[in-house]
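Given next are the chains, with one letter for each unit.
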Amino acid sequence: MKKVLFIVPHEDDEVFVGGPMIMNLTKDPNYDVFVFIATNGDYYPFENGIRIKESINALDMMGVKDDHIIFGGYGDCWRGTHI
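Definitions and limits used
- Residues numbered from 1 in each chain as written.
- Predicted model: local features only at pLDDT ≥ 70, side-chain atom pairs only at ≥ 80, totals over all residues.
- Heavy atoms only, no water.
- Helix = DSSP H or I, 4+ residues; strand = E, 2+ residues; numbered from the N terminus.
- Expected span 1.5 Å × (residues − 1).
- Buried < 20%, exposed > 50% of the residue type's maximum accessible area, 1.4 Å probe, protein only.
- Contact = heavy atoms within 4.5 Å.
- Pairing = 2+ DSSP bridges.
- Axes fitted to C-alpha atoms, helices over the stretch in contact; angles between N-to-C directions.
- Core = buried A, V, L, I, M, F, W, Y, C linked by side-chain atoms within 4.5 Å.
- Right-handed = clockwise from strand over helix to strand, strands pointing away.

What is the right way to look at helix 1 (residues 13–27) in this model?
An α-helical turn contains 3.6 residues, so a residue and the one three or four places further along point in the same direction. The end-to-end C-alpha distance of helix 1 is 20 Å, a good match for the 21 Å that 15 residues give at a rise of 1.5 Å each. For helix 1, every residue scored as buried is listed here: Asp13, Glu14, Gly18, Gly19, Ile22 and Leu25. On its buried side, helix 1 packs onto strand 1 (2–8), strand 2 (31–39) and helix 2 (50–61).

How should I be thinking about unusual backbone geometry in this particular structure?
Excluding glycine, a negative phi dihedral is what most residues carry, and trans is how most peptide bonds are arranged. The backbone of Asp12 shows a phi angle near 90°, a positive value even though the residue is not glycine. On the secondary structure map, Asp12 appears in the loop between strand 1 and helix 1.

How do you make sense of the sheet that holds strand 2 when you look at a structure like this?
The strands making up a sheet associate through hydrogen bonds between their backbones, and the pairing can be parallel or antiparallel. On the basis of which strands lie adjacent, the open sheet formed by three strands has the order 1-2-3 and parallel pairing. Each of the sheet's edge strands pairs with one partner strand only, and the pair in question is strand 1 and strand 3 (69–74). In this sheet, neighbouring strand axes are inclined to one another by 15° on average, regardless of whether the strands run parallel or antiparallel. Pairing between strand 1 and strand 2: seven bridges, direction parallel. Each bridged residue has a counterpart across the sheet, and for Ile7 the counterpart in strand 2 is Phe36. This element, helix 2, spans strand 2 and strand 3 of the sheet and lies at about 160° to strand 3.

What's the story with the nonpolar core in this structure? I'm lost.
If you look at soluble globular proteins, the nonpolar side chains tend to sit buried side by side. Grouped together as the largest cluster of nonpolar side chains are twelve residues: Val4, Phe6, Val8, Ile22, Leu25, Val33, Val35, Ile37, Leu59, Met62, Val64 and Ile69. Those elements that place two or more of their residues in this core are strand 1, helix 1 and strand 2. In contact with Leu25, other than residues within four places in its own chain, are Val4, Phe6, Tyr31 and Val33.

Is there a simple way to explain the pairing of strand 2 in this structure?
Strand residues, when the strand is regular, have side chains that alternate between the two faces of the sheet. Burial of strand 2 is extensive: seven of the nine residues sit out of reach of the surface. The handedness of the strand 1 to strand 2 crossover, carried by helix 1, is right-handed. In terms of strand pairing, strand 2 meets strand 3 through four bridges, oriented parallel. If you follow Ile37 over to strand 3, its bridge partner there is Phe71.

What follows is the structure, given as structure tokens:
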């Protein structure tokens, strides 16, 4: 099995940048898909935590396993703290 890692800076970039490819790869049993999202989605304080949940839900719908989603926890534009 081949492992594929998508690295994106912000929540929702995995959908806009790699969505179709992620969906195609998760349907193929020859690939094991991982997604690394660098930031914690806190640029706008009212979105804190919401964007993380939305990414998890979107990736689940695309077939990515929960334990294959990694959040780096870096502050978005360094406004706020790290996870």
